[in-house]
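Report on the structure
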Amino acid sequence: MSAIATRINLLDLDESGLRNFFQSIGEKPFRAEQVMKWIYHQGLTDFEQMTNLGLALRQKLKLIAEIEPPRILKTQTSADGTCKWLMGFGGGNAVETVFIPETNRGTLCISSQVGCALNCTFCSTGAQGFSRNLTTGEIIGQVWLAAQALGHERNGQRRITNVVLMGMGEPLLNFDAVVAALTLLRHDLGFGLAARRVTLSTAGLVPGIDRLRGAIDVALAVSLHAPLDDLREKLVPLNKKYPIRELMRSCADYVSAKHKRSVTFEYTLIDGINDHPEHARRLVKLLRRLPSKLNLIPFNPFPGTNFRCSPDESIRRFQKIVMEGGLIATVRTTRGDDIDAACGQWVGKVLDRTRRSEKFANRRSLIDDFGVFMKTTRVLLVLLLFLSACVATTSGTEEESANRKAAETNTSLGQGYMQRGQYEIALEKLKRALANDISYALAHTVLAVLYETIGELDKAETEYAAAVKYAPTDGDINNNYGAFLCRAGKGAEAAPYFLAAVKDPFYQTPEIAYSNAGNCALELGDLDKADSFLRQSLEYNDKLPLTLISMADVSYQMGNYMRARAFLQRFGSVGTWDEDSLLLGYRIESRLGDTKTANRYRQELLEQFPDSSQASKVSGQEQE
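What you see is a predicted model, and the numbers here were worked out from it, not measured in a lab.

1. A look at the overall build of the protein chain
Helix and strand counts for the protein chain come out as 28 helices and 14 strands. Partitioning the intrachain contacts of the protein chain with sequence separation of at least 6 by distance along the chain shows that 63% fall at a separation of at least 24. When the accessible area of the protein chain is evaluated, it comes to approximately 27700 Å², of which 48% is carbon and sulfur surface.

2. A closer look at the pattern of salt bridges
For the structure on display, the rule yields 27 salt bridges. As a salt-bridge pair, Arg58 and Glu48 come within 3.7 Å of each other at their nearest N and O atoms. With Arg58 in helix H4 (residues 55-64) and Glu48 in the loop between helix H3 (31-41) and H4, this pair connects stretches of sequence that are 10 residues apart. Beyond isolated ion pairs, a larger network of salt bridges with shared partners links Asp210, Arg213, Arg249 and Asp253.

3. Let's talk about the state of the cysteines
Disulfides are covalent bonds that link the sulfur atoms of two cysteine residues. In total, this model carries one disulfide according to the counting rule given. A disulfide-free cysteine, Cys116 has its sulfur positioned 6.4 Å from the sulfur of Cys120, the nearest such atom. Of the residues examined, Cys116 reaches a relative accessible area of 11% and is grouped as buried.

4. Here we look at the nonpolar core
Within the largest apolar cluster, 106 residues are counted, with the highest numbers of intra-cluster contacts made by Leu10, Leu182, Leu212, Phe265 and Leu294. If we ignore the near neighbours within four places in the chain, the residues touching Leu294 are Phe265, Tyr267, Leu283, Leu287, Val322, Leu327, Ile328, Ala329 and Thr330.

5. What to know about the packing of aromatic side chains
Counted under the stated rule, the structure contains 11 aromatic pairs. Note on Phe21 and Phe22: the rings are 5.2 Å apart at their centroids and 70° apart in plane angle, and the pair reads as edge-to-face. With relative accessibility at 10%, the residue Phe21 sits in the buried group. Aromatic rings pair up to connect Tyr464, Tyr481, Phe484 and Tyr497 into one cluster. The positively charged end of Arg600 is found above the aromatic ring belonging to Tyr601, 4.9 Å away from the centroid.

6. Examining the packing of helix H20 (residues 475-487) against helix H21 (residues 495-503)
Direction vectors running N to C along H20 and H21 enclose 160°, while the axes themselves pass 8 Å from each other. Between H20 and H21, the angle is such that the two are roughly antiparallel. The crossing of H20 and H21 is left-handed. Every residue of H21 that contacts H20 at Gly475, Asn478, Asn479, Tyr481, Gly482, Ala483, Leu485 and Cys486 is listed here: Tyr497, Phe498, Ala500 and Ala501. Residue composition of the contact of H20 with H21, by class: eight nonpolar, four polar and no charged.

7. Side note on the packing of helix H8 (residues 206-213) against helix H10 (residues 244-257)
Taken N-terminus to C-terminus, the directions of H8 and H10 make an angle of 10°; their axes are 9 Å apart at the nearest point. Comparing the axis directions of H8 and H10 gives the class roughly parallel. In this structure, H8 contributes Val206, Ile209, Asp210, Leu212 and Arg213 to the contact, and H10 contributes Glu246, Leu247, Arg249, Ser250, Asp253, Tyr254 and Ala257. Split by residue class, the contact of H8 with H10 holds six nonpolar, one polar and five charged.

8. Points about the confidence of the model for the protein chain
With 86% of its residues at a pLDDT of 70 or more, the protein chain shows a mean pLDDT of 85. Across the protein chain, the secondary-structure element scoring lowest on mean pLDDT is helix H14 (residues 377-382), at 38, and the one scoring highest is strand E9 (residues 162-165), at 96.

9. Some words on the sheet that holds strand E5 (residues 94-101)
Read across the sheet, 10 strands follow the order E3-E4-E5-E6-E9-E10-E11-E12-E13-E14 without closing on themselves; strand pairing throughout is mixed. In this open sheet, the two strands that pair with only one neighbour each are strand E3 (71-77) and strand E14 (328-331). Put simply, the sheet's adjacent strands are angled 20° from each other on average, direction ignored. Across four bridges, strand E13 (residues 292-298) lies against E14 in parallel orientation. Of the residues in E14, the one forming a bridge with Lys293 is Ile328. The strands touched by helix H7 (residues 175-186) are E9 and strand E10 (198-202); relative to E10, the strand with the most contacts, the crossing angle is about 160°. Its contacts with the sheet put helix H12 (residues 312-324) on strand E12 (263-269), E13 and E14, and the angle it makes with E14 is roughly 165°.

10. A short note on H20
Counted at 1.5 Å a residue, the expected span for H20 with its 13 residues is 18 Å, and the 18 Å between its end C-alpha atoms agrees. Among the 13 residues that make up H20, 13 are buried, leaving the element largely enclosed by the rest of the structure. Where H20 begins, the capping side chain belongs to Asp474, and its oxygen is found 3.0 Å from the backbone nitrogen of Asp476. Count one or two residues on from H20 and you reach Gly489, which has phi positive near 80°.

11. Here we look at the environment of Phe506
Along the polypeptide, Phe506 turns up in the loop between H21 and helix H22 (510-524). Discounting chain neighbours no more than four positions away, the residues touching Phe506 are Thr121, Lys234, Leu235, Ile273 and Phe307.

12. Things to note about H12
With 13 residues, H12 extends 18 Å between its outermost C-alpha atoms, agreeing within 8% with the 18 Å of an ideal straight helix rising 1.5 Å per residue. Of all the residues in H12, the buried ones are Ser314, Ile315, Phe318, Gln319, Ile321 and Val322. An end-on view of H12 places all buried positions within 165° of arc, on one side of the element. Exposed positions of H12 whose direction lies more than 90 degrees from the buried face are Glu313 and Glu324. Residues of H12 that are buried sit in contact with E12, helix H11 (277-287), E13 and E14. Within two residues after H12, Gly326 carries a phi angle of roughly 100°, on the positive side.

13. Quick notes on the side chain of Arg563
If you trace the backbone, Arg563 turns up in helix H25 (residues 561-574). Looking at Arg563, its side chain comes within polar contact range of the side chain of Asp531, at 3.0 Å. Side-chain polar atoms of Arg563 contact the side chain of Ser555, separated by 2.8 Å.

14. So, the environment of Asp14
Along the chain, the position of Asp14 falls in the loop between strand E1 (8-9) and helix H2 (15-24). We classify Asp14 as buried; its relative accessible area is 19%. Residues Asp14 and Val179, spaced 165 residues apart in sequence, show a C-alpha to C-alpha distance of 9.6 Å. At 2.9 Å, the side chain of Asp14 and the backbone nitrogen of Gly17 are in polar contact.

15. With respect to the pairing of E3
As paired elements, E3 and strand E4 (residues 83-88) share six bridges and run antiparallel to each other. Bridge pairing links Gln76 to Lys84 in E4. Remark: five residues form the turn of the hairpin made by E3 and E4, two consecutive strands paired antiparallel; Gly81 in that turn has positive phi of roughly 95°.

Rules behind the numbers
Residues numbered from 1 in each chain as written. Predicted model: local features only at pLDDT ≥ 70, side-chain atom pairs only at ≥ 80, totals over all residues. Heavy atoms only, no water. Helix = DSSP H or I, 4+ residues; strand = E, 2+ residues; numbered from the N terminus. Contact = heavy atoms within 4.5 Å. Areas by Shrake-Rupley, 256 points an atom, 1.4 Å probe, with all protein chains shown as cover. Salt bridge = Lys/Arg side-chain N within 4 Å of Asp/Glu carboxyl O. Disulfide = S-S within 2.5 Å. Buried < 20%, exposed > 50% of the residue type's maximum accessible area, 1.4 Å probe, protein only. Core = buried A, V, L, I, M, F, W, Y, C linked by side-chain atoms within 4.5 Å. Phe/Tyr/Trp six-rings, centres within 6.5 Å; stacked < 30°, edge-to-face > 60°. Lys NZ or Arg CZ within 6 Å of the ring centre and 35° of its normal. Axes fitted to C-alpha atoms, helices over the stretch in contact; angles between N-to-C directions. Parallel < 35°, antiparallel > 145°, perpendicular 65-115°, else oblique. Left-handed = near helix turned anticlockwise from the far one by under 90°. Nonpolar A, V, L, I, M, F, W, Y, C, P; charged D, E, K, R; others polar. pLDDT = per-residue confidence, 0-100. Pairing = 2+ DSSP bridges. Expected span 1.5 Å × (residues − 1). Polar contact = N/O pair within 3.5 Å; in protein donor to acceptor, adjacent residues only side chain to side chain. Arc of directions from axis to C-beta.

Structure (structure tokens):
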């Protein structure tokens with residue numbers, strides 16, 4: 001049993017590693033070349049079939065080694081021929097690998113991490129969080145499995161002609177395992193691919209690019225996505241640490257060391273964000289002195305994003321400007337989008353160690369669980385689950401940066417004390433945070449929540465307003481201020497803040513702001529406006545329980561009882577019944593004359609919430 005537990009996976013070893021392995025077990029180093037041919041040229045994993053190895057060696061290898069690729073958990077094939085595999089590695093983790101067939105080549109896109117340690121705002125993989133790096137065997141194993149699944153062309157040539165590390169993960173954060181896998185891709189005894197047919201894509205990890213330059217000769221692709229630091233920081237947070245100027249220097253050095261090979265810059269075009277003509281002109285200035293190609297990628301939407309793909313005319317206009325400026329620019333054809341295999345759509349099974357996926361889910365489900373107006377202290381504190389992620393840290397002088405860090409620390413402490421009910425200490429910490437940095441919008445927001453919790457509504461409003469002042473375009477902050485105004489009975493003033501929230505392209509839950517706006521209008525008795533806002537909420541998420549129950553309420557008040565019933569039924573399939581929804585169900589069915597169903601709602605209301613005011617409204621009544 002112990003021998004099996006310590007078996008070494010030979011897919012984890014390149015030629016050098018295999019030679020050392022055979023030497024360590026008392027065998028000749030040339031056995032490495034023999035085994036590599038069996039693994040990569042013949043596709044074998046059974047040592048018994050490696051007939052040019054002696055029987056004793058085969059028996060020894062069976063005890064101490066294995067050739068263990070990942071397992072294919074699921075296969076999907078697109079209408080355009082794109083093939084996607086979900087590959088499992090045990091422990092509940094899995095990644096996706098995609099093959100894209102073209103007339104003269106076949107490109108395999110592989111992953112280097114389970115999830116991604118970075119958090120690019122336009123990428124669905126980033127929203128899943130990060131579990132771990134893949135081993136060399138797990139990386140090269142994706143290619144090995146795909147090669148076996150795809151077979152060969154009629155002329156005997158392999159269908160995989162190009163391999164790109166553009167799947168899940170940042171390859172340069174898994175440097176050693178990735179370089180070993182790249183070595184096997186390039187090696188004649190491995191997959192034998194030329195340097196130009198192996199591409200590593202990075203989000204711009206400058207030290208990794210510099211290190212890669214001296215490690216192996218492969219093509220380099222860089223996810224740029226913006227020509228200006230302030231915009232790129234929002235799209236690719238790594239830019240805060242390695243700004244564009246440093247990135248361009250690193251790319252220039254890479255090209256210089258690789259015999260004038262160009263760098264491919266990937267640029268995802270997002271409507272209204274980075275697709276303006278001025279962005280194109282800035283891009284020309286940035287890249288015109290660097291041997292490069294520009295790959296323009298139409299944004300591929302995924303659930304939970306507020307970003308939208310640039311219109312075709314914007315994409316063509318952008319391409320025209322950069323090409324007239326002297327750049328080589330192609331527009332990537334979207335492939336495999338019907339099976340979510342297009343760029344930016346990749347997901348797998350990630351046992352997230354960063355809690356990023358949990359925070360993303362919390363942001364999207366907050367309204368489902370707790371309602372729009374957040375009337376209780378418990379629910380107000382739920383705001384803090386995602387407020388800490390919604391205000392970006394600004395860069396500046398060292399002193400400004402130190403002040404901001406101190407403000408962040410004191411705000412975090414204030415949140416903690418508030419959640420434990422130690423309001424006086426929380427108040428002290430939050431005031432200290434603002435003394436550190438008066439412009440830190442998150443501190444104002446948390447202080448506003450605290451004041452509202454203890455009933456000091458005037459002070460709460462002052463702090464909510466200050467948060468908006470210092471972060472006027474932030475979607476979460478605008479939405480929170482609007483919700484406060486509704487709770488404070490100032491619903492007529494709230495709508496502009498909800499609408500400002502949905503205009504923020506980085507606001508990830510526009511359905512919440514629209515739902516808030518609809519419920520606020522409903523509170524004011526403006527049914528037409530409420531109906532309009534709630535419909536817009538459903539366009540983003542048609543399974544949001546609070547929006548569905550609110551639509552049922554609006555429909556009921558408009559006298560459209562059949563539509564009210566339909567929305568109530570949709571709510572019942574995704575939401576949790578409470579006293580308000582049960583009372584509404586009772587009223588709707590009473591109006592429709594369905595006494596049996598009305599009485600069922602009435603009975604559930606009386607049994608589950610006997611002391612509620614809603615129960616008193618139906619007590620002793622058979623129908624309204």
